[in-house]
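Analysis of the macromolecular model
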Amino acid sequence: MPVSMTGYGRFETNEDSWAHVWEIRSVNGRFLDVKWRLPYTVRSLENGWEKVVRKYASRGRVDVSLNLEMLSAEELGVAFNEPLAKSMIGQMEALAGQYGATFVPDFNKILGMSSLWKDTNSEPEPGLAKSLTAGLEGALRNWKESRKVEGEAMTRDLLERVTVLRGLSERIAVRIPEVLEIRRQALRDRIREIMEAVGAEYNEDRMLQEIAILTDKLDVSEELTRLATHLDRLEEVLGKDKDAGKKLDFLLQETFREINTCGNKAQDTEVSGLVVDFKAELEKCREQVQNIE
């Protein structure tokens, strides 16, 4: 069953030393485009996580965010540069003394100075990395399930619309022979009137030749046959889940081409009305298919 490119997934992990929440949001897109929002301390793991995401999706714009909270000081992986802080405070005290003033350091501001903090680990602790990867996969499974549910709803809707399209094409197929007969008789009557007006002799062979030419111009049996094949193929693809979106988009283009030819060739107001209804329903299908992976 096809899945939607739009979805949301979430997974929360709470352990003694850390807690983290993964959130995944996605919308439709021609190609897979993953955007990450990660704390700087774990960005070295992004390339590996990108491969994990690609196991769950092949198309769409995917936003992945991580909220990480460290509960243990030993696991933070950061250290305060005390020598640098002492040197800065000492120099400020000396400068204040030159002007006869007393320097009182504001420790809240000192704590907020990023230059006084350094990352002691280039890589996250292995246990944390393993926990984060497990959390990401949990969020991806939840995300995939939400896309699957929406995909099932879209598939049901598309199958109903294919049924409507099939009914419209059958009505066109019923109307075409009537149109051909009306056109043939009109052609006969017109030719006879012209020949009588000019006093020419009626030629049945010539009449049959003209009728054959007209029938060939108005006949859409081949287009209707291909149209039925495309509708069958649409139902077949909707029963599968691999690359369904691209295949459905291509089939809808081919279906539009055939129904457009039917409308142009038939030259009948009733058929034209059915073709308009067919195209309107086909456009609704196309809107749905744009969101299928």
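Bear in mind the structure is a predicted one, so any value in this text is a computation, not a measurement. (Residues numbered from 1 in each chain as written. Predicted model: local features only at pLDDT ≥ 70, side-chain atom pairs only at ≥ 80, totals over all residues. Heavy atoms only, no water.)

1. What to know about helix H7 (residues 244-266)
The cut-off we apply is this: Each helix corresponds to a stretch of at least 4 residues labelled H or I by DSSP, and each strand to a stretch of at least 2 residues labelled E; elements are numbered beginning at the N terminus. Take the residue count of a helix, subtract one, and multiply by 1.5 Å to get its expected span. Summary of the burial criterion: residues with accessible area below 20% of their type's maximum are buried, those above 50% are exposed, and those between are partly exposed, where the area comes from a 1.4 Å probe applied to protein chains only.
In this model, H7 (23 residues) spans 33 Å end to end at C-alpha, consistent with the 33 Å of a helix rising 1.5 Å per residue. Burial in H7 covers these residues: Ala244, Gly245, Leu248, Leu251, Leu252, Glu254, Thr255, Glu258, Ile259, Cys262, Gly263 and Ala266. Two residues or fewer after H7 comes Gln267, characterised by a positive phi angle close to 55°.

2. Considerations on the packing of H7 against helix H8 (residues 269-289)
Condition: Axis definition: a line fit to C-alpha positions, over the contact stretch in the case of helices; interaxial angles, taken between N-to-C directions, run 0 to 180 degrees. Angle categories are assigned with fixed cut-offs, so that under 35 degrees is roughly parallel, over 145 is roughly antiparallel, 65 to 115 is roughly perpendicular, and the rest are oblique. Any two residues having at least one pair of non-hydrogen atoms within 4.5 Å are treated as being in contact.
Two elements in contact, H7 and H8, have axes whose closest approach is 10 Å; the angle formed by their N-to-C orientations is 170°. Classified by the angle their axes make, H7 and H8 are roughly antiparallel. Here Gly245, Leu248, Asp249, Leu252, Thr255, Phe256, Ile259, Asn260, Cys262, Gly263 and Ala266 of H7 lie close against H8, whose contacting residues are Val271, Val275, Phe278, Lys279, Leu282, Cys285, Arg286 and Val289.

3. What about the pattern of salt bridges?
Heads up, the rule is: Whenever Lys or Arg places a side-chain nitrogen within 4 Å of a carboxyl oxygen from Asp or Glu, that contact is recorded as a salt bridge.
All chains considered together, the criterion is met by 23 salt bridges. The closest approach of N and O atoms between Glu50 and Arg54, which form a salt bridge, is 3.5 Å. Of this pair, Glu50 and Arg54 both sit in helix H1 (residues 46-54), separated by 4 residues, roughly a single helical turn. For Arg161, the salt bridge goes to Glu281, with nearest N and O atoms at 2.7 Å. Here Arg161 is found in helix H4 (residues 126-198), whereas its partner Glu281 is found in helix H8, with 120 residues between them in sequence.

4. Remarks on H8
Applied cut-off: This arc describes the spread of directions from the helix axis toward the C-beta atoms.
In this model, H8 (21 residues) spans 30 Å end to end at C-alpha, consistent with the 30 Å of a helix rising 1.5 Å per residue. The complete set of buried residues in H8 reads Val271, Leu274, Val275, Phe278, Glu281, Leu282, Cys285 and Val289. Viewed along the axis of H8, the buried residues span an arc of 135°, placing them on a single side of the element. Opposite the packed face of H8, turned more than 90 degrees from it, sit the exposed residues Thr269, Val276 and Glu287.

5. A look at the packing of aromatic side chains
Two aromatic rings are characterised by how far apart their centres lie and by the angle between their planes. Quick note on the threshold: Note on aromatic contacts: the rings of Phe and Tyr and the six-membered ring of Trp form a pair at centre separations within 6.5 Å, being stacked when their planes are under 30 degrees apart, edge-to-face when over 60 apart, and tilted otherwise. Criterion for a charge above a ring: Arg CZ or Lys NZ at most 6 Å from the ring centre, at most 35 degrees from the ring normal.
With the rule as written, the count across this model stands at 3 aromatic pairs. Pairing Trp22 with Trp36 gives two aromatic rings, centres 6.5 Å apart and planes at 80°, and the pair type is edge-to-face. Here Trp22 is found in strand S2 (residues 18-27), whereas its partner Trp36 is found in strand S3 (residues 32-37), with 14 residues between them in sequence. Residues Trp22 and Trp36 agree in their burial class; the two are buried. Among the aromatic residues, those joined into a ring-pair cluster are Trp22, Trp36 and Trp49. The aromatic ring of Trp143 is capped on one face by Arg147, whose charged end is 4.2 Å from the ring centroid. Here Arg286 stacks its cationic end above the ring of Phe256, 5.7 Å away from the centre of that ring.

6. Details of the nonpolar core
Threshold: Buried residues of nine kinds, namely Ala, Val, Leu, Ile, Met, Phe, Trp, Tyr and Cys, make up a nonpolar core once their side-chain atoms join them within 4.5 Å.
With 31 residues, the main nonpolar core has Ile172, Ile176, Leu234, Leu248, Ile259, Val271 and Phe278 as its most contacted residues. Elements with a contribution of two residues or more to this core: H4, helix H6 (221-238), H7 and H8. Aside from chain neighbours lying at most four places away, what touches Ile172 is Leu224, Ile259, Val271, Leu274 and Val275. Listed in part, the 25 residues of the second largest apolar core include Trp22, Leu32, Val42 and Trp143.

7. What about the sheet that holds S2?
Basically, it comes down to this: By this definition, two strands are paired if DSSP reports at least two bridges between them.
Pairing in this open sheet of 4 strands is mixed, and the strands run S1-S2-S4-S3 from one edge to the other. If you trace the sheet from one side to the other, it starts and ends with strand S1 (7-14) and S3, each paired once. The average undirected angle you get between the axes of adjacent strands in this sheet is 10°. Here S2 pairs with strand S4 (residues 60-70) via 10 bridges, running antiparallel. Within S4, the position partnered with Arg25 by the bridge is Asp63.

8. Examining the pairing of S2
Among the 10 residues of S2, 7 are classified as buried, and the element is accordingly described as predominantly covered. Bridging between S1 and S2 involves 8 bridges; their strand directions are antiparallel. Note on S2: the bridge partner recorded for Gly9 is Ile24. Linking two consecutive strands that pair antiparallel, namely S1 and S2, is a turn of 3 residues.

9. Comments concerning the packing of H6 against H7
The criterion, for reference: In a left-handed crossing the near helix is turned counterclockwise from the far helix by less than a right angle, and in a right-handed crossing that turn is clockwise. Ten residues, namely Ala, Val, Leu, Ile, Met, Phe, Trp, Tyr, Cys and Pro, are considered nonpolar, four, namely Asp, Glu, Lys and Arg, are considered charged, and the remaining ones, Gly among them, are considered polar.
Orientation of H6 relative to H7, taken along the N-to-C sense of each, is 160°, at an axis distance of 9 Å. Taken as axis vectors, H6 and H7 run roughly antiparallel relative to one another. Every pair of crossing elements has a handedness; the one defined by H6 and H7 is left-handed. Taken together, the residues of H7 that come into contact with H6 (itself represented by Glu223, Leu224, Arg226, Leu227, His230, Arg233, Leu234, Val237 and Leu238) are Ala244, Lys247, Leu248, Leu251, Leu252, Glu254, Thr255, Glu258, Ile259, Thr261, Cys262 and Lys265. Across the contact of H6 with H7, the residue classes break down as 11 nonpolar, 3 polar and 7 charged.

10. Concerning the side chain of Arg175
Its location among the elements puts Arg175 in helix H4. When near neighbours in sequence (up to four residues on either side) are disregarded, Arg175 contacts Ile182, Asp268, Glu270 and Val271.

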